[in-house]
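What follows is each chain in one-letter form.
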Amino acid sequence: MTQSQQIIEELYDSYTKTAANIIVYYEGNEMDEKLKELKCIVNNNSVQDKKLKLFRERKNQLLNLNNDDDNDDNHMEQSDTENRLNEYRLILSKTDNDTSKDDKLIEFDKHVEALLDGVAQKENDSDAEIQLKGGYVNVIDPISKKRIVDPVKNTICGHTYDQESIMQLLKINKKTRCPVIGCKSTEFVQLSQLRPDIVTKTYLEKHPE
């Protein structure tokens with residue numbers, strides 16, 4: 001994962017955490033308005049992210065062309081450079097602003113939906129799991145078999161662990177697969193693939209032992 005990709009991942013994590021805080025501290029129409037404002041920010045960021053990717057692609061193309069010219073002992077004429085820059089500006093101006101299929105935005109919407117559904121559950125929900133749309137969020141660590149304190153989610157298989165438990169396990173054996181019984185993932189767990197599980201974290205905070 002490149003540094004820019006890491007920054008983007010952290011940015012979307014912060015958006016999800018902000019959504020969780022909005023749901024915890026606001027109610028009714030005020031909460032809806034705050035979430036709507038946040039969604040606009042996330043949407044705009046998705047558009048800028050698309051433009052940034054186009055910029056990188058075009059920059060690499062220009063660098064490759066320059067390298068070819070250098071190898072041929074030729075230099076790119078100023079008019080050629082301007083034409084290519086104008087072409088790039090045209091591409092940016094026509095960038096599709098439709099983010100309905102953006103993976104990050106879809107993931108954000110799912111997080112918010114799960115958060116809203118999670119906080120609406122009754123107080124007598126089982127301590128081991130809270131039923132959400134599309135499945136369950138487990139609050140018992142599959143490694144220590146104790147209540148999770150700092151939940152992190154494996155983005156590959158979707159399972160949640162206590163951060164300290166999984167880090168200790170990886171220290172013992174770096175080639176560790178998901179410890180959840182029945183997990184179909186065959187990939188080794190990587191720290192770079194772990195993200196804070198906001199849904200579980202919010203539930204744990206609202207339902208302390």
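Residues numbered from 1 in each chain as written. Predicted model: local features only at pLDDT ≥ 70, side-chain atom pairs only at ≥ 80, totals over all residues. Heavy atoms only, no water.

In the annotation of an unreviewed UniProt entry, the entry for the chain reads E3 SUMO-protein ligase NSE2, and the organism field reads Bombus impatiens. Heading Subcellular location (unreviewed entry) of the UniProt record for the chain holds this comment: "Nucleus". Among the UniProt annotations of the chain, the heading Pathway (unreviewed entry) holds the following wording: "Protein modification; protein sumoylation." (UniProt positions renumbered as here; feature names shortened; annotations may be inferred.)

Turning our attention to the nonpolar core. Judged by nonpolar contacts, the single largest core of 17 residues is most densely connected at Tyr15, Ala19, Leu35, Leu38, Val42, Phe108 and Leu115. Secondary structure elements with two or more residues in this core: helix H1 (3–25), helix H2 (28–71), helix H4 (103–119) and helix H6 (198–206). In terms of residue count, H1 provides more of this core than any other element does, 6 residues in total. Setting aside anything within four residues of it in sequence, one finds Val42 in contact with Tyr12, Tyr15, Leu105 and Phe108. Residues Tyr161, Cys183, Val189 and Leu194 belong to the second largest nonpolar core, which totals 8 residues. (Core = buried A, V, L, I, M, F, W, Y, C linked by side-chain atoms within 4.5 Å. Buried < 20%, exposed > 50% of the residue type's maximum accessible area, 1.4 Å probe, protein only. Helix = DSSP H or I, 4+ residues; strand = E, 2+ residues; numbered from the N terminus. Contact = heavy atoms within 4.5 Å.)

What follows covers the sheet that holds strand S5 (residues 194–196). As summarised here, the arrangement of the 3 strands in space is S4-S3-S5, forming an open sheet in which the pairing is antiparallel. With partners counted over all chains shown, the strands left at the sheet margins are strand S4 (160–162) and S5, one partner each. Going across the sheet, the axis of each strand differs from the next one's by a mean of 40°, ignoring polarity. Across 3 bridges, the pairing between strand S3 (residues 151–154) and S5 is antiparallel. Bridging from a neighbouring strand, Lys153 pairs with Arg195 of S5. Of the strands in this sheet, S3, S4 and S5 touch helix H5 (residues 163–172), which is tilted by about 85° from S4. (Pairing = 2+ DSSP bridges. Axes fitted to C-alpha atoms, helices over the stretch in contact; angles between N-to-C directions.)

Applying the stated criterion to the full structure yields 0 disulfides. Of all cysteine sulfurs, the one in Cys178 lies closest to Cys183, which takes part in no disulfide; the gap is 3.6 Å. Look at Cys183 and you get buried, because its relative accessible area is 19%. (Disulfide = S-S within 2.5 Å.)

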